[in-house]
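Chain and residue survey
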Amino acid sequence: MKTKIAQTRWKQVLRAIDEIAGKDQLAFITTQRVSRQSGISDGVLFRHFSTKEVMLATWVETRGDQLRLLLDAMPAGRSGLIYLLQQLFQQKVLLNFLCCQPMDTPYLRQLLDSYRLQFNRVIQTRIELMSSTPIGVTSDVLIDHLMQSIYRAWNPDNPERDWQKEHLMNQLPWEKNEIKDNTFPSQDIMQRLALNDSGFVFDPVNGKSFTANETGIYALRFLQHSSDSEALLVAIARDFEVSQSDAARDITEFSSQLRKFLQ
Amino acid sequence: MNQASDKKITIAVTGMNAKPDNPGPGLAVARCLRLAHGDQVRIIGLGYDVLDAGLYLDDICDAAYLLPYPSAGEQQLMERMDYIQQQESIDVLIPCLDAELLSFSRLHHEFEHLGIRMLIPDVSQLRDRNKDRLGELARNAGIRYPETKNITSANFFYRCHDDNWSYPMVVKGIFYDATIVHNADEGAEAFRNIAASWGYPVLVQRYVEGHEVNLTAIGDGKGELLGAVMMRKQAVTDKGKAWSCVTIEDQRLESDALKLVQALQWAGPLEVEMLKESDGQYLLIEINPRFPAWIYLAAEAGSNLPAGLVDLIMNKQSLFEPPKTGMMMIRYAQETVIDLSTFEAMAMHGRYIADVNRENGQELNYE
């Protein structure tokens, strides 16, 4: 059982690691950094934690258990997901836990990944049980869409994260046939792609190549000139004579595949 | 024997082994020089083994010599180079193998006295990018690096979990070889093989998932990175060597390479190998202190680095054009056939002169 002093020290350390994770610097964490951030000297730190790994493992388990409790408290259905998103954005420490770059030490990374995987699985199951998801779009695609949106709303380097966050606290990313501008990779990524009418696509930054069908090439060419996803939706529906809901579904799936290829 | 023309620059290139699954860079470097200069330069191939195929390719090397292995010591190397210099009047030497660079670097001034010029890193620069010190260099340059540890016993693999190491992991030699091992027995076997080939220390490194992106360039010795060409491996051999790759343009890779060159004040060719993880993060894997075996791709992509290096060394204007992206290399194996007199010349005398040996071959009768 921890003494009161030990509990205080532990909370200081926890907060320090949260702040470092919030700046996406967990991969570079050192005990000196934790010491500086928490205001606790190295010597005192090591009286409470035998190694840096023990300190980080305890942080992972503490925040992981907190996340699990949040999931347990989540109501069913769409409102449950919205509740979860609101709680995540209010409890920034959990958002940092979900989104930050992991540590390099494999067993710590595995421990962190296990909590994140569990989170994904629970949310995916909830999505599968929802009645209001887009028709024909798999839960794999939707969970990926949701996690990408959460990441963008957290990412300290994203200038639009406030907008993303505000949107996610009220609406799921795939709702109302809306394809948001953040669905696709950024325009500078799209513009760098070399496209050919044959369907061959090459990314000169990561060296990957892939093929796209006629609709895919159409969408890629469009997105090289405009990031207006609404306009793309309307254009595809018009030029390929499909309904807007079908176009929205296909665009969501296409964007998910693009994000995997174009990192 | 001196070359016929005094006007041609004579460039010696090492690393002429050309095993299909793991060729040395020398032959590719020589091809780059031929691409730039045709027969307006004289190329001397230098190898360590009579079966180094590049030594016998007449369209690439005008003459070829065997060198003593680095383990024979620097005195033997110096004596051999002195002899070769008397025959060939080499202007520039481009070393292409990691294991020889320390000796060449130590003998830099002696070579200069012979008239042989090089642009290579000094001893401290070579030491600072050694695999057992790379972590420190990476940290100082603000670049991520997988945790690496020196080991001196195969027992490590049977108790690695006590040290918070788990499988898979990568076992590496100080110069060459890297093997991914999945259990203690594999680890122990890899340790023994690498120690037998390259000695100690043997290194273990955390295994990281991702794809490899490589950059080659020349450091000018003042912190500048010249002529950078980047590629992504598309297909690798069993030894992890690229047999297909494509040129890319990756600003993050280039800026990390520049950080390293600045930190080291690197002089000469280099290859930076980085791993790009699925989340887009980069880790430094290795810095090789010479051109890579895929260097010919760089030349065909428009940035002929070996030719640029020679111009730099000879104080000529050297232009490094930005390379084309999307240029793809696919390596294939080809045979060269030599007659017994050619092999005899190399085995017995350690030299092969393309034109002279054709004449000598006619005089010998092995029937």
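Rules used throughout
- Residues numbered from 1 in each chain as written.
- Chains lettered and ligands numbered in written order.
- Predicted model: local features only at pLDDT ≥ 70, side-chain atom pairs only at ≥ 80, totals over all residues.
- Heavy atoms only, no water.
- Patch = residues over 30% accessible without salt bridge, like charges linked within 9 Å, V, L, I, M, F, W, Y side chains within 5 Å.
- Areas by Shrake-Rupley, 256 points an atom, 1.4 Å probe, with all protein chains shown as cover.
- Salt bridge = Lys/Arg side-chain N within 4 Å of Asp/Glu carboxyl O.
- Helix = DSSP H or I, 4+ residues; strand = E, 2+ residues; numbered from the N terminus.
- Pairing = 2+ DSSP bridges.
- Axes fitted to C-alpha atoms, helices over the stretch in contact; angles between N-to-C directions.
- Contact = heavy atoms within 4.5 Å.
- Buried area = accessible area lost by both parts, 1.4 Å probe.
- pLDDT = per-residue confidence, 0-100.
- Core = buried A, V, L, I, M, F, W, Y, C linked by side-chain atoms within 4.5 Å.
- Buried < 20%, exposed > 50% of the residue type's maximum accessible area, 1.4 Å probe, protein only.
- Polar contact = N/O pair within 3.5 Å; in protein donor to acceptor, adjacent residues only side chain to side chain.
- Expected span 1.5 Å × (residues − 1).
- Phe/Tyr/Trp six-rings, centres within 6.5 Å; stacked < 30°, edge-to-face > 60°.
- Lys NZ or Arg CZ within 6 Å of the ring centre and 35° of its normal.

What follows concerns a nonpolar patch on the surface. Together, Trp 243, Met 328 and Ile 330 of chain B make up an exposed nonpolar region whose accessible area comes to about 320 Å². If you trace the backbone, Ile 330 of chain B turns up in strand β14 (residues 328-330).

All names here are of chain B. Ordered in space as β4-β1-β2-β3-β15, the 5 strands form an open sheet in which the pairing is mixed. The sheet is open, and its two borders are formed by β4 (92-94) and β15 (351-353), each paired with just one other strand. For this sheet, the mean angle separating the axes of adjacent strands, direction not counted, is 15°. As paired strands, strand β3 (residues 63-66) and β15 are joined by 3 bridges and run antiparallel to one another. The residue bridging Ala 64 from the neighbouring strand is Tyr 352, located in β15. Strands β1 (9-13) and β4 of the sheet are contacted by helix α10 (residues 305-313), whose axis makes an angle of about 140° with β4.

Take the interface of chain B and chain A next. Facing 20 residues of chain B, the contacting portion of chain A comprises 16 residues. Both faces considered, chain B and chain A share a buried interface measuring about 1500 Å² in area, 46% of it formed by carbon and sulfur atoms. Looking only at chain B, the three residues that lose the most surface to chain A are Arg 144, Asn 164 and Arg 232 of chain B, adding up to 29% of its buried area. Scanning the region where chain B abuts chain A turns up 1 salt bridge. Across the pair Glu 277 of chain B and Arg 109 of chain A runs a salt bridge, and its minimum N-O distance is 3.1 Å.

Residue and element names in this part refer to chain A. Across the sheet, which stays open at both edges, the 3 strands sit in the order β1-β2-β3 with antiparallel pairing between neighbours. Each edge of the open sheet carries a strand with a single partner, namely β1 (194-195) and β3 (209-211). Across 2 bridges, β1 lies against strand β2 (residues 200-202) in antiparallel orientation. Opposite Ala 194, over in β2, you have Phe 202 as the bridge partner.

All names here are of chain B. Summarising the model, chain B shows a mean pLDDT of 90, and 95% of its residues fall at 70 or more. Residue range residues 1-5 is modelled with pLDDT below 50. Its contacts to residues more than four positions away, or to other chains, number 14 contacts. At the level of chain-chain contacts, confidence expressed as ipTM amounts to 0.71, with global pTM at 0.70.

Before going further, it helps to examine the nonpolar core. Core analysis: the largest hydrophobic core is formed by 56 residues, its most contacted members being Trp 59, Leu 88 and Ile 123 of chain A. Leu 88 of chain A has contacts with Leu 67, Leu 70, Leu 94, Leu 95, Leu 98, Phe 119 and Ile 150 of chain A, leaving out every residue within four places of it along the chain. Core analysis: the next-biggest nonpolar cluster, separate from the first, contains 51 residues, Leu 107, Leu 137, Ala 228 and Tyr 282 of chain B among them.

Turning our attention to the side chain of Arg 63 of chain A. Residues and elements named next belong to chain A. By secondary structure assignment, the location of Arg 63 is in helix α4 (residues 52-72). Polar contacts involving the side chain of Arg 63 include one to the side chain of Gln 66, which spans 2.4 Å. Discounting residues that sit within four places of it in the chain, Arg 63 has contacts with Leu 14, Asp 18, Val 93, Leu 94 and Phe 97.

Okay, helix α7 (residues 106-129) of chain A next. Along an α-helix, residues three or four positions apart point the same way, because every turn accommodates 3.6 residues. Between the first and last C-alpha of α7 of chain A there are 34 Å, a value that for 24 residues agrees with the 34 Å anticipated at 1.5 Å per step. The set of residues buried in α7 of chain A consists of Pro 106, Leu 108, Leu 112, Tyr 115, Arg 116, Phe 119, Ile 123, Gln 124 and Ile 127 of chain A.

It is worth spelling out the packing of aromatic side chains at this point. Across all of its chains, the model carries 12 aromatic pairs over all chains by this definition. Note on Phe 104 of chain B and Phe 111 of chain B: the rings are 5.6 Å apart at their centroids and 90° apart in plane angle, and the pair reads as edge-to-face. The pair formed by Phe 104 of chain B and Phe 111 of chain B is uniform in burial state, with each residue classed as buried. Ring geometry for Phe 156 of chain B and Phe 157 of chain B: centres 5.4 Å apart, planes at 80°, overall edge-to-face. The exposure class of Phe 157 of chain B is buried, given its relative accessible area of 1%. Feature note: the residues Trp 59, Phe 97 and Tyr 115 of chain A constitute an aromatic cluster, connected by ring pairs. A cation sits over an aromatic face here: Arg 31 of chain B above Tyr 296 of chain B, 3.9 Å from the ring centre. For the cation-ring pair, Arg 206 of chain B lies above Trp 165 of chain B, with the distance from its terminal atom to the ring centre recorded as 4.0 Å.

Attention now moves to helix α2 (residues 31-38) of chain A. Residue and element names in this part refer to chain A. Every buried residue belonging to α2 is among Thr 31, Arg 33, Val 34, Ser 35 and Ser 38, and all of these are buried. Looking at the buried positions of α2, the neighbouring elements they touch are α1 (4-22), α3 (42-48) and α4. Count one or two residues on from α2 and you reach Gly 39, which has phi positive near 80°.

The next thing to look at is unusual backbone geometry. The bulk of non-glycine residues show a negative phi, and the bulk of peptide bonds are trans. Of the consecutive residues Tyr 167 of chain B and Pro 168 of chain B, the connecting peptide bond is found in the cis state with omega at 0°. Following the sequence through the fold, Pro 168 of chain B ends up in the loop between β5 (148-151) and β6 (169-172). The omega torsion of the bond from Tyr 200 of chain B to Pro 201 of chain B falls at 0°, within 30 degrees of zero and hence cis. Relative to the elements of secondary structure, Pro 201 of chain B occurs in the loop between α7 (184-198) and β8 (202-206). Of note in the backbone geometry, Glu 241 of chain A takes a positive phi value of approximately 55° without being a glycine. Summarising the element assignment, Glu 241 of chain A is placed in the loop between α12 (229-239) and α13 (244-261).

All right, on to the environment of Thr 152 of chain B then. All names here are of chain B. For Thr 152, the location among the structural elements is in the loop between β5 and β6. Along the chain, Thr 152 and Val 202 lie 50 residues apart, while their C-alpha atoms are 6.5 Å from each other. Discounting residues that sit within four places of it in the chain, Thr 152 has contacts with Phe 191 and Tyr 200.

A few words now on the environment of Ala 235 of chain A. Residues and elements named next belong to chain A. Along the polypeptide, Ala 235 turns up in helix α12. Judged by its relative accessible area of 4%, Ala 235 falls in the buried class. Put simply, Ala 235 and Phe 222 are 13 residues apart on the chain and 9.2 Å apart in space, counted from C-alpha to C-alpha. The residues contacting Ala 235, other than those within four sequence positions of it, are Tyr 218, Phe 222 and Phe 240.

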